[in-house]
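Tertiary structure, described
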Amino acid sequence: MSTADSATASAADSGAEGFATRAIHAGQAFDPTTGAVIPPIYQTSTFVQDGVGGLRGGYEYGRSGNPTRTSLETLIASLEGTPHGLSFASGLAAEDTLLRAVLEPGSHVVLGNDVYGGTHRLINRVHGAWGVTNTTVELGDLDAVRAAIRPGETRILWVETPSNPLMKISDIEALAELGHETGLIVVVDNTFASPALQQPIALGADVVVHSTTKYLGGHSDVIGGALAIVDDELAQKARFLQFAAGPISAPLDAWLTTRGIKTLAVRMQRHSENAQAIAEHLLGHPAIDAVYYPGLESHPGHELAARQMSGFGGMLSLALRGGPAAAKTLVESTSLFQLAESLGGVESLIGLPAEMTHASVKGTALEVPENVVRLSVGIEDVADLIADLDGALGRL
Ligand SMILES: *Cc1c(COP(=O)(O)O)cnc(C)c1O
C-alpha cells in the first residue's frame with residue numbers, strides 16, 4: 001500500500017524502470033548542446049528549416065509540435081503506461097479533443113452521476129448542441145450501467161474514480177470489461193488519484209484523461225490537461241485535432257507541469273498520509289456527520305480502493321451536522337486551509353462544492369448536498385493542519 005509498491009508493480013507490468021524513476025527521467029534527457037541537466041524551455045513559435053521541408057528534429061511550427069511539449073507528452077505516456085501521450089491547455093481542452101476524436105452527431109455517452117461538473121457541462125451543453133446525447137448513471141451499479149448502454153449508439157463509457165466530492169470508488173476493471181463487451185471506449189479521468197496511486201490502463205481502460213492542473217502540476221501555478229491513449233488510430237485522430245484546432249499546452253506551461261511531476265511520487269505519499277490522519281482525527285467529531293475518505297474502513301469503497309489504488313490520496317469531504325450554515329462558517333474560518341476552487345497542490349485548500357466547484361450542476365441529479373465541505377489536503381505538517389481544522393470547528 002505504498003507508492004513504492006505501485007512503482008514496483010508498474011515496473012513489472014511494463015518492464016520499465018520504477019514509477020518514481022520514470023517521473024524524474026522519462027522524456028527528460030539533458031540538453032546535448034550545453035549539457036544542461038534540465039532540458040530548456042523552447043520558447044519559440046517556429047523552427048528554421050535547412051532548405052524547404054528540411055526540418056531539424058521534426059519540428060516545424062509550435063502548434064504542431066514543440067520539444068518542451070514532447071518532453072511532457074513522453075513523460076505522461078510513460079507514467080500511464082500508454083504508447084501515446086498528448087498535452088493540452090487545460091483538462092477540459094484535453095477532454096474536448098478526445099470527445100471530438102470519438103463522437104459524431106447521434107453518438108451517446110454514458111458517464112457517472114457524480115462526474116466532474118465541467119465534464120458534464122462539456123458533454124451535455126457543448127457536445128449536446130452537436131447532437132451528442134448522454135446518460136448519467138451510478139457507476140457502482142453494473143446492471144444500471146449495462147442498461148444505460150445503447151448498442152450501436154453509445155461510444156464512450158466515462159469513469160471518474162475517486163469521484164468528486166464524495167470520493168465514491170468505481171471498479172475500473174469491471175467497468176472496462178463491461179464497456180468492451182459492447183465495443184465502447186472506456187475513459188478514466190485519473191485526476192484525483194494520479195498515476196502514482198492508480199494505473200487505469202493496467203486495469204483495462206483505453207484512455208486516461210487528466211487535469212494536470214491538479215496533482216501532476218502539483219503547485220497550483222499552471223492550468224493544463226493530458227490524454228494517455230492506447231490505440232494508435234485514436235491517438236492519431238486526437239493528435240490531428242490537437243494540431244487542427246490548437247488547444248495545445250504552451251512551452252512554459254508544459255515545462256512547469258514536467259517540473260511538478262518529478263516529485264509526484266513523494267507528494268502523493270505525503271498527501272495520502274496527511275489526509276488519512278485528518279480523516280481519522282475528524283471521524284466521530286461532534287460537529288461532523290460523515291467523513292468521506294476511501295482510506296477509512298467505514299468508507300463503502302474502502303476495499304475496492306485498497307485493491308485498485310496504491311494509496312488513498314489527498315482528497316476528503318465532510319458532511320457538517322449543523323447543515324449548510326455550519327459548512328459555510330467552517331470554510332470561512334480556517335487559515336492554513338485556504339478557501340479556493342481547485343485541488344492537488346502542495347498547499348491545503350477548503351471549499352464548499354455546492355456553491356463553488358459544483359455550482360453548475362445545482363438542481364440536477366449531480367447536485368452535491370449543501371452541508372458538504374471538501375478538503376484538498378496539502379503536504380504541510382499534519383499537526384498544523386489538524387490544529388487549523390480543530391480551531392475552525394470549535395467556532396461552529
Ligand atoms: C479540474 C478537473 C477537470 C478539468 O480540468 P481543467 O484543467 O480545470 O480544465 C477535469 N476533471 C477533474 C476530475 C477535475 O478535477
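Sequence order as written defines residue numbering, which begins from 1 separately in each chain. Local features are withheld for residues below a pLDDT of 70 in this predicted model, meaning they are given only at 70 or higher, and side-chain atom pairs are given and counted only at 80 or more; totals for whole chains, interfaces and linings count all residues. To obtain the side-chain values, all non-hydrogen atoms of the structure were included, while hydrogens and water were left out.

The helix count covers DSSP runs of H or I at least four residues long, the strand count covers runs of E at least two residues long, and both are numbered beginning at the N terminus. When helices and strands are counted, the protein chain shows 13 helices and 12 strands. Note on method: radius of gyration uses C-alpha positions; expected globular size equals 2.2 Å times residues raised to 0.38. For the protein chain, the C-alpha radius of gyration of 21 Å lies close to 21 Å, the compact-globule estimate for 396 residues. Taking the principal axes of its C-alpha atoms as reference, the protein chain extends roughly 75 × 50 × 35 Å. Type-normalised accessible area, obtained with a 1.4 Å probe on protein chains alone, sets the label of each residue: buried when under 20%, exposed when over 50%, and partly exposed for intermediate values. Within the protein chain, the fraction of its 396 residues that count as buried is 55%. In the form shown here, the protein chain has an accessible surface area of approximately 16,200 Å², with 54% of it arising from carbon and sulfur atoms. Accessibility throughout is a Shrake-Rupley quantity obtained with a 1.4 Å probe, and a residue counts as covered only by protein chains that appear here.

A separate point is the UniProt feature "modified residue: N6-(pyridoxal phosphate)lysine" (unreviewed entry) in the protein chain. Here the UniProt feature "modified residue: N6-(pyridoxal phosphate)lysine" (unreviewed entry) sits at Lys-214. The topology assignment puts Lys-214 in the loop between strand 6 (207-211) and strand 7 (225-229). Residue Lys-214 is classed as buried on the basis of its relative accessible area of 11%. Should any heavy atoms of two residues lie within 4.5 Å, those residues are considered in contact. With residues near it in sequence (within four places) discarded, Lys-214 still touches Thr-191, Ser-342, Leu-343 and Gly-344. UniProt positions are given in the numbering used here, feature names are shortened, and annotations may be inferred rather than shown by experiment.

Strand order across the open sheet formed by 7 strands is 1-7-6-5-4-2-3, with mixed pairing between neighbours. The outermost strands of the open sheet, each flanked by one partner alone, are strand 1 (84-88) and strand 3 (133-137). The sheet shows a mean angle of 20° between the axes of neighbouring strands, taken without regard to direction. An axis is simply a line fitted to the C-alpha atoms; with a helix, the fit covers only the stretch in contact. Between two such axes, the angle follows the N-to-C directions and lies from 0 to 180 degrees. Taken strand by strand, helix 3 (residues 67-80) contacts strand 1, strand 6 and strand 7, and its axis lies near 130° from that of strand 1. The sheet strands contacting helix 4 (residues 91-102) are strand 1, strand 4 (154-160), strand 5 (185-189), strand 6 and strand 7, and the helix crosses strand 4 at an angle near 155°. At least two bridges found by DSSP between two strands is the condition for calling them paired.

Glancing now at the environment of Gly-224. Structurally, Gly-224 can be placed in the loop between strand 6 and strand 7. Residue Gly-224 is classed as buried on the basis of its relative accessible area of 3%. For the pair Gly-224 and Ala-250, spaced 26 residues apart in sequence, the C-alpha to C-alpha distance is 9.2 Å. If near-sequence neighbours (up to four positions away) are discounted, Gly-224 is found in contact with Phe-88, Ala-89, Ser-90, Gly-91, His-210, Ser-211, Thr-212 and Thr-213.

Following the sequence through the fold, Ser-376 ends up in strand 12 (residues 372-376). Taking relative accessible area as the criterion, Ser-376 reaches 2% and is therefore assigned buried. Between N or O atoms, a polar contact is any pair within 3.5 Å; within protein, one atom must be a potential hydrogen donor and the other a potential acceptor, and residues adjacent in sequence are included only when both atoms are from side chains. Polar side-chain contacts of Ser-376 include one of 3.0 Å to the backbone nitrogen of Gly-344. The residues contacting Ser-376, other than those within four sequence positions of it, are Gly-314, Met-315, Phe-337, Leu-343, Gly-344, Glu-347, Ser-348 and Leu-349.

Residue pairs spaced three or four apart in an α-helix point in one direction, given the helix's 3.6 residues per turn. An ideal rise of 1.5 Å per residue puts 27 Å on 19 residues; helix 10 (residues 264-282) measures up with 26 Å between its terminal C-alpha atoms. Within the span of helix 10, buried status applies to Leu-264, Ala-265, Arg-267, Met-268, His-271, Ser-272, Asn-274, Ala-275, Gln-276, Ile-278, Ala-279 and Leu-282. Gly-284 sits one or two positions beyond helix 10 and adopts a positive phi of about 85°. Expected span of a helix: the number of residues minus one, times 1.5 Å.

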